[in-house]
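# Remarks on the overall topology
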Amino acid sequence: MDNRNLEKALEIFSSLITGEEIGRKNKDTASLYEEYSDNSQVYDMVTMMCKKMNLSLYEYKDTIYLSPGSGNRVFGYTNEELKKEIGIRVNRELYLCYFIMYGVITRFYTDTSTGTFTEYVRNEDIINAVDSMLASSINKINLMSLDEVEENSFQAIAALWEELPLVISEENATVKAARGTKTGFVKMVFNFMEKQKLLVENEGRYYPTDRLRALTENYFEQYKGRLYDIMKGAAEDATYQQNQGE
């Protein structure tokens, strides 16, 4: 093994796990990106280290990004850590935050075949999206093969959301992050996503970063998960059940 290549691979890995973006257009990390993209030994060592540490490596517009794999206890968040980070207390609030995050992602992104992105979202856009998605999912429950936990989870999220008053500020930029309103709940999620370098805010408008685009086009597309199945699968389940009854 070439010591120089090992040192470069370790330098790249160290930069990535501290949240630094390594890209061709970043003058501070351009040389590291060239090592990663042009040196096969460095590339192999970086990808191996990521795999061993349960980390996913994504590339978007000549920049590489790192994301914790599912269940990564070292680089990811536990549910308790995530609740503390966002500013919530109980699991049903966390599940609502997950649902809101899903709403943000799906507002920005359609699928990889079109690569369609909305330019920006506002607080009220996401409130409307969550209203629509929850109404749709509750209507689909009777059509889908959900287990008891899944059904109860959707009902708990919907009940919590309906309990919250709207309260939209006249100035979006002055919206306060808080658990007591729909507006405040969405703002908490926005704040968390900003801190994770997934969104950038300007006068109440939230724009996706390249990091969000990279994760969406790769991680989200590959690991949509059960929530995606439930949100998108009602038609297939309904058709299947109809055919079974014929």
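Everything discussed here concerns the structure shown above.
A brief report on the enclosed structure follows. All residue numbers refer to positions counted from 1 along the written sequence of the respective chain. In keeping with the predicted nature of the model, local features appear solely for residues at pLDDT of at least 70, side-chain atom pairs appear and are counted solely at 80 or more, and the whole-chain, interface and lining totals rest on all residues. Excluding hydrogens and water, the side-chain values take into account all heavy atoms of the structure.

## Looking at the sheet that holds strand E1 (residues 22-23)
Pairing between the strands of a sheet is mediated by backbone hydrogen bonds and can be parallel or antiparallel. Spatially, three strands are ordered E1-E3-E2 in an open sheet, and the strand pairing comes out antiparallel. Unpaired on one side and paired on the other, E1 and strand E2 (55-59) mark the two borders of the sheet. Paired strands, in this sense, are two strands between which DSSP finds at least two bridges. Segments assigned H or I by DSSP are reported as helices when at least four residues long, segments assigned E as strands when at least two residues long, and all are numbered from the N terminus. Taken together, the two bridges between E1 and strand E3 (residues 63-68) define a ladder with antiparallel strand orientation. In the sheet register, Gly23 faces E3, and the bridge partner there is Thr63. Relative to the sheet, helix H1 (residues 3-17) contacts E1, E2 and E3, its axis offset from that of E3 by approximately 60°. Together, E2 and E3 form the strand contacts of helix H3 (residues 40-52), whose direction differs from that of E2 by roughly 140°. Working rule for contacts: check all heavy atoms of both residues, and any pair within 4.5 Å makes them a contact. Orientation is described by lines fitted to C-alpha atoms, with helices fitted over the stretch in contact, and by angles between N-to-C directions that extend from 0 to 180 degrees.

## What about the nonpolar core?
One finds Ile86, Ile100, Trp161 and Met193 to be the most contacted residues of the largest nonpolar core, which totals 38 residues. When contributions to this core are tallied by element, the ones reaching two or more residues are helix H4 (79-86), helix H5 (91-108), helix H6 (123-140), helix H7 (148-163), helix H8 (182-195) and helix H9 (210-222). The leading source of residues in this core is H5, at 10 residues. Excluding anything up to four places from it in sequence, Ile86 contacts Leu94, Cys97, Met101, Met188 and Phe192. One finds Tyr36, Met45, Val46 and Cys50 within the second-largest nonpolar core, a separate group that totals 16 residues. Here, nonpolar core means buried Ala, Val, Leu, Ile, Met, Phe, Trp, Tyr and Cys residues that are tied together by side-chain atoms lying within 4.5 Å of each other. Accessible area is worked out with a 1.4 Å probe on protein chains only. A residue is then buried under 20% of its type maximum, exposed over 50%, and partly exposed in between.

## Points about unusual backbone geometry
Despite not being glycine, Asn54 shows a phi value in the positive range, around 55°. By the element assignment, Asn54 lies in the loop between H3 and E2. You will see that Lys61, though not glycine, has its phi angle at about 50°, which is positive. Mapped onto the secondary structure, Lys61 falls in the loop between E2 and E3.

## Overview of the pattern of salt bridges
By salt bridge we mean one thing: a side-chain nitrogen of Lys or Arg within 4 Å of a carboxyl oxygen of Asp or Glu. For the structure on display, the rule yields 13 salt bridges. Close ionic contact of Asp62 with Arg24 constitutes a salt bridge, the shortest N to O distance being 3.3 Å. One end of the pair, Asp62, is in the loop between E2 and E3; the other, Arg24, is in the loop between E1 and helix H2 (30-38), with 38 residues separating them in the sequence. Given a relative accessible area of 33%, Asp62 falls into the partly exposed group. Owing to a relative accessible area of 36%, Arg24 belongs among the partly exposed residues under this scheme. Put simply, Asp131 and Lys182 hold a salt bridge, and the shortest N to O gap is 3.6 Å. Within this pair, whereas Asp131 is found in helix H6, its partner Lys182 is found in helix H8, the two being separated by 51 residues in sequence. For Lys182, a relative accessible area of 11% translates into the label buried.

Function-wise, these values are silent; they only describe arrangement.
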